[in-house]
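Structural characterization, general
One-letter residues, chain by chain:
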Amino acid sequence: MSFLTGVSLGQLGCVVETGTTAVTAPTGKDWFAIQVVTDTKFHTLTNTIASGDALANITLASAPTIPTGTILYGNITAFQLHSGIVIAYFGG
């Protein structure tokens, strides 16, 4: 199996997050995708290949709800939930 196929199938591991504490990827790693399991609101989401602050340091009242089934892609190094459940898949 190719490396790319393994990454896309989550064979590098994942983290299931249900809490509201900040989560940071281990040194030298990032998440390539975050799958939204239940409707979710983020407090922060740090993506090293995207710009903008739509999901950075927002209040619960102003946080957009990301619907169940959404997958966010990028080089994500940290995130914090206001509410919801996500699965974060490790990249290379």
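Every value quoted in this text rests on a predicted model; they were computed, and no experiment measured them. (Residues numbered from 1 in each chain as written. Predicted model: local features only at pLDDT ≥ 70, side-chain atom pairs only at ≥ 80, totals over all residues. Heavy atoms only, no water.)

Brief notes about the overall build of the chain
Scanning the chain from terminus to terminus reveals one helix and four strands. Reading the secondary structure of the chain in the N-to-C direction produces α-β-β-β-β. When burial is assessed residue by residue, the chain has 36% of its 92 residues classed as buried. Within the chain, contacts between residues at least 6 apart in sequence are counted, and of these 83% link residues at least 24 apart. Carbon together with sulfur atoms contributes 59% to the accessible area of the chain, which is approximately 5,100 Å² in total. (Helix = DSSP H or I, 4+ residues; strand = E, 2+ residues; numbered from the N terminus. Buried < 20%, exposed > 50% of the residue type's maximum accessible area, 1.4 Å probe, protein only. Contact = heavy atoms within 4.5 Å. Areas by Shrake-Rupley, 256 points an atom, 1.4 Å probe, with all protein chains shown as cover.)

Points about the confidence of the model for the chain
In this model, the chain carries a mean pLDDT of 83, and residues with pLDDT of at least 70 account for 77%. Per-element confidence in the chain is highest for strand β1 (residues 14-17), whose mean pLDDT is 95, and lowest for helix α1 (residues 3-8), whose mean pLDDT is 50. (pLDDT = per-residue confidence, 0-100.)

Considering the nonpolar core
By size, the foremost hydrophobic cluster in this structure holds 14 residues, and its most contacted members are Trp-31, Ile-34, Phe-42, Leu-45, Phe-79 and Val-86. Of all the secondary structure elements, the ones that give two or more residues to this core are β3 (31-47) and β4 (71-90). It is β4 that provides the largest number of residues to this core, a total of six residues. (Core = buried A, V, L, I, M, F, W, Y, C linked by side-chain atoms within 4.5 Å.)

Description of the packing of aromatic side chains
A full pass over the atoms with the stated rule returns four aromatic pairs. Look at Trp-31 and Phe-90: their rings are 5.7 Å apart centre to centre, the planes differ by 25°, and that puts the pair in the stacked class. Of this pair, Trp-31 sits in strand β3 while Phe-90 sits in strand β4, and the two are 59 residues apart along the sequence. Between Phe-32 and Tyr-89, the aromatic rings sit 6.5 Å apart at their centres with planes inclined by 50°, giving tilted as the arrangement. Of the two residues, Phe-32 sits in strand β3 while Tyr-89 sits in strand β4, which places them 57 residues apart along the sequence. Taken together, the aromatic side chains of Trp-31, Phe-42, Phe-79 and Phe-90 make up a single cluster linked through ring pairs. (Phe/Tyr/Trp six-rings, centres within 6.5 Å; stacked < 30°, edge-to-face > 60°.)

Side note on the environment of Ile-34
Within the secondary structure, Ile-34 sits in strand β3. Residue Ile-34 is classed as buried on the basis of its relative accessible area, which comes to 0%. Distance from Ile-34 to Gly-74, taken between C-alpha atoms, is 8.7 Å for residues 40 residues apart in sequence. Among residues more than four places away in sequence, those in contact with Ile-34 are Phe-42, Leu-45, Thr-70, Ile-71, Leu-72, Ile-76, Phe-79, Val-86, Ile-87 and Ala-88.

Section: the side chain of Asp-30
With respect to the element layout, Asp-30 can be found in the loop between β2 (23-24) and β3. Despite its burial, Asp-30 pairs with no opposite charge; the closest candidate is Lys-29, at 9.2 Å N-O. Aside from chain neighbours lying at most four places away, what touches Asp-30 is Ala-25, Asn-75, Ile-76, Thr-77, Tyr-89, Phe-90, Gly-91 and Gly-92. (Lys, Arg positive; Asp, Glu negative; His and termini not counted. Salt bridge = Lys/Arg side-chain N within 4 Å of Asp/Glu carboxyl O.)

A word on the environment of Phe-90
On the accessibility criterion, Phe-90 (10% relative accessible area) is buried. Distance in space between the C-alpha atoms of Phe-90 and Ile-34 is 9.2 Å, their sequence separation being 56 residues.

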